[in-house]
Amino acid sequence: NTEHIMASKIITIGDLEFKFHWLVAACIVITISGLVRLGLWQLDRTQEKFELQSNFQNMQELDATTMEYVPVSTLEFDSLQLQNRQVLLEGNYLNEQTIYQIYQPYQDQIGYEIVSPFKLASMDMVVMVSRGWSGASNDKELSERIPLIEGQINLLGQIFVPTEAMNSKTNNLSEIKWPLTIRFLNFEELGPQFSSPLFPYV
């Protein structure tokens, strides 16, 4: 009956006495059992997430278009057709013509975005590749931080198509000194500085 279930039992071990309560013990067993099942479920979910991430990365590579077959049209059309499209590039960095884009925000900080030109191996074209952000305090410190990547490599990336407002901003370049520190990536300004045509987006 209920009174029997709720009753406590005294257990004696040597000079020690323990009060054993059946209901409390049952709750503890149920709680531990639930935690074990939850832990096993979380392990299963972790493995599932790893598998999903791996499959997603594989799908990204399968869905990626080689850079040579990416069509370019107007900015408005490309923002719909090319934004975030996965692309594959094969070629080499033009390290000596890296660009430091100043005043770029990241996690409530202002720093530099490093953009390096990448010469395609299969055709006469240069693609600007964003290599990340740095909170370096000046150009000299930034130059010391950036590793040079030599030789032919393969890249997997996404196309970023700017807005009309972003695309219209200029730097009024008067003197070119590499590495080039500028505020805006304006491809009409940058185009004449390279011996090969520029792909119009990062």
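The text that follows walks through the structure, step by step, so that each part is easy to find. Please read all numbers here as calculations on a predicted model, not as lab measurements.

Describing a nonpolar patch on the surface
A cluster of nonpolar side chains, I28, I32 and V36, forms an exposed patch at the surface whose accessible area comes to about 270 Å². Examined against the element boundaries, I28 turns out to sit in helix α2 (residues 22-63). The class for I28 is partly exposed, based on a relative accessible area of 45%.

Examining the nonpolar core
M67, L89, F118, L120, I159, F199 and Y201 are the most contacted members of the largest nonpolar core, which totals 17 residues. The set of elements that each furnish at least two residues to this core consists of β4 (86-93), β6 (109-120) and β7 (126-134). With 3 residues, the top contributor of residues to this core is β4. In this view, L120 contacts M67, L89, E90, G91, M125 and V127; residues no more than four positions away in its chain are not counted. Counting 12 residues, the second-largest nonpolar core is a separate cluster that includes L94, V126, L180 and L185.

Digging into the pattern of salt bridges
Counted by the stated rule, this structure contains 3 salt bridges. We note a salt bridge from D124 to K119, for which the minimum N-O separation is 3.9 Å. With a relative accessible area of 47%, D124 lands in the partly exposed category. With relative accessibility at 21%, the residue K119 sits in the partly exposed group. Here E144 makes a salt bridge to K140, at a shortest N to O gap of 2.8 Å. With E144 and K140 both in helix α4 (residues 139-145) and 4 residues apart, the pair spans about one turn of that helix. Given a relative accessible area of 58%, E144 falls into the exposed group.

Reading the values: rules and limits
Residues numbered from 1 in each chain as written. Predicted model: local features only at pLDDT ≥ 70, side-chain atom pairs only at ≥ 80, totals over all residues. Heavy atoms only, no water. Patch = residues over 30% accessible without salt bridge, like charges linked within 9 Å, V, L, I, M, F, W, Y side chains within 5 Å. Areas by Shrake-Rupley, 256 points an atom, 1.4 Å probe, with all protein chains shown as cover. Salt bridge = Lys/Arg side-chain N within 4 Å of Asp/Glu carboxyl O. Helix = DSSP H or I, 4+ residues; strand = E, 2+ residues; numbered from the N terminus. Buried < 20%, exposed > 50% of the residue type's maximum accessible area, 1.4 Å probe, protein only. Core = buried A, V, L, I, M, F, W, Y, C linked by side-chain atoms within 4.5 Å. Contact = heavy atoms within 4.5 Å.

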